[in-house]
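# Secondary and tertiary structure notes
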Amino acid sequence: MIFADSGSDYASSKYVIHGVLFDGTSSFRSGSRWAPEAVRKASHNYEPYDFECDCELLESLVCDIGDTEYGNVDDMIVDLEATTSRIVEDGKVPIALGGEHSLTFPCVRALANKMELIAVIFDAHLDFKENYLGNECGHACVSRNVFGLSVPLIQIGIRSGARDEYERALDTSAIYTMDRIRGVGIKKILKDIAPLVENKAVYLSIDMDVLDPAYAPGVGNPEPYGLTPLELRTAIREISSRVVGFDMVEITPDYDMGISALVGAKLVRDFLFARIMTDYEKP
Ligand SMILES: [Mn+2]
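The present account deals with the structure reproduced in this document. (Residues numbered from 1 in each chain as written. Predicted model: local features only at pLDDT ≥ 70, side-chain atom pairs only at ≥ 80, totals over all residues. Heavy atoms only, no water.)

With parallel pairing, 8 strands are arranged side by side in an open sheet as β4-β1-β5-β10-β9-β6-β7-β8. Each of the sheet's edge strands pairs with one partner strand only, and the pair in question is β4 (62–69) and β8 (173–177). The sheet shows a mean angle of 15 degrees between the axes of neighbouring strands, taken without regard to direction. Summarising the sheet, strand β9 (residues 201–207) and strand β10 (residues 243–249) pair through 6 bridges and their orientation is parallel. (Pairing = 2+ DSSP bridges. Helix = DSSP H or I, 4+ residues; strand = E, 2+ residues; numbered from the N terminus. Axes fitted to C-alpha atoms, helices over the stretch in contact; angles between N-to-C directions.)

Here we take up the pattern of salt bridges. Once their charged atoms are close, side chains differing in charge can pair, the charge on each being opposite to the other. The final tally for this structure, using the stated rule, is 15 salt bridges. As a salt-bridge pair, Lys-188 and Asp-192 come within 2.7 Å of each other at their nearest N and O atoms. Here Lys-188 pairs with Asp-192, and both are found in helix α7 (residues 186–197), just 4 residues apart, close to one helical turn. (Salt bridge = Lys/Arg side-chain N within 4 Å of Asp/Glu carboxyl O.)

Along the chain, Leu-97 turns up in strand β5 (residues 93–98). Exposure remark for Leu-97: the relative accessible area of 2% places this residue in the buried category. When the C-alpha positions of Leu-97 and Asp-67 are compared, they lie 8.9 Å apart, and in sequence the two are 30 residues distant. (Buried < 20%, exposed > 50% of the residue type's maximum accessible area, 1.4 Å probe, protein only.)

Okay, the side chain of Thr-84 next. Along the chain, Thr-84 turns up in helix α2 (residues 73–89). When its relative accessible area of 1% is taken as the criterion, Thr-84 is described as buried.

Further remarks concern the coordination of the manganese ion. For the manganese ion, the full set of protein donor atoms is Asp-123 (OD), His-125 (ND1), Asp-207 (OD), Asp-209 (OD) and Asp-209 (OD), at a range of 2.2 to 2.8 Å. On the accessibility criterion, Asp-207 (2% relative accessible area) is buried. (Donors = N, O, S within 2.8 Å, 3.2 Å for Na, K, Ca; no water.)

Moving on: unusual backbone geometry. The omega angle of the peptide bond from Gly-98 to Gly-99 is 15 degrees, so this bond is cis rather than trans. With respect to the helices, strands and loops of the structure, Gly-99 is situated in the loop between β5 and α3 (104–112). For Met-257, which is not a glycine, the phi torsion comes out positive at approximately 55 degrees.

Counting buried positions along strand β7 (residues 153–158) yields 6 of 6 residues, so the element is predominantly enclosed. By the bridge criterion, 4 bridges tie strand β6 (residues 117–122) to β7 in an arrangement that is parallel. Looking across to β7, one finds that Ile-121 is bridged to Gln-155. A crossover links β6 with its parallel partner β7, the connecting element being helix α4 (residues 142–147), and its sense is right-handed. Sheet topology places β7 next to β8; 5 bridges connect them, and they run parallel. Bridging from a neighbouring strand, Gln-155 pairs with Ile-175 of β8. The handedness of the β7 to β8 crossover, carried by helix α5 (residues 163–172), is right-handed. (Right-handed = clockwise from strand over helix to strand, strands pointing away.)

Enumeration according to the criterion identifies 1 aromatic pair in this entry. Judged by centre distance (4.5 Å) and plane angle (20 degrees), the rings of Phe-246 and Phe-271 are stacked. Remark: Phe-271 occurs in helix α9 (residues 259–281) and Phe-246 occurs in strand β10; sequence separation between them is 25 residues. For Phe-246, a relative accessible area of 1% translates into the label buried. On the accessibility criterion, Phe-271 (0% relative accessible area) is buried. Positioned over the ring face of Tyr-10 is Arg-86, at 5.5 Å from the centre of the ring. Geometry around Tyr-10 places Lys-92 over its ring, the cationic atom sitting 4.9 Å from the centre. (Phe/Tyr/Trp six-rings, centres within 6.5 Å; stacked < 30°, edge-to-face > 60°. Lys NZ or Arg CZ within 6 Å of the ring centre and 35° of its normal.)

Coordinates in, geometry out; function isn't part of it.
See below:
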């Protein structure tokens, strides 16, 4: 099964969906390797038309190239970087469906080799560990690894991290905690980051645990007091026109009867609607 309304052939597509079946460094709840299948299934629940964008999800623009399964993190990093590079060199926007958050690192590296980039990461967790369970490329190290590529970071929705992670991250990253978002509202936060992303190529990573577990309980490391799906949609719409690469990670469908996959599929579609509207339908 392919993602709904993504029946384009690769050559003529502009947005390329691929599933990354890897959850090898997951610690608390593994199973995100099953997410691409669940997200694709959920995507068929939705209409191909969006009223607010007044636009259709055009079959001719989106291609789903299927999944790649990985046995270990080192293989995943090498291969996914190559796949992402190829998609970007072909002039398309890669959309990676995880899998766990460690996959963001090779996706960002592929893009950072080609252009000046800023990463916008929605996540409950800082992910600034120097290593996690003996692995420097584990899912809990991903933001530190992205920063290590000299890619500036904006982290939104943060509400969890060890003391040393905060110390490391505060020096290097623009951090918007949940408490701050709840204080001033997501629209104010988006206004604050607008000058940081203006005229920049943006890599957008969505760890689904940024949402409150009430909305997305099936994730690898659920963390209370999160964003609502509507707040996340607002943010995605706001940033979408600058995005050169996108991923959605950490959904573990077995833990919630597919609720998080339904929300995830909707958000991927909302990203596509917003992009298609700005790229193709409005002058
Ligand atoms: Mn997380």
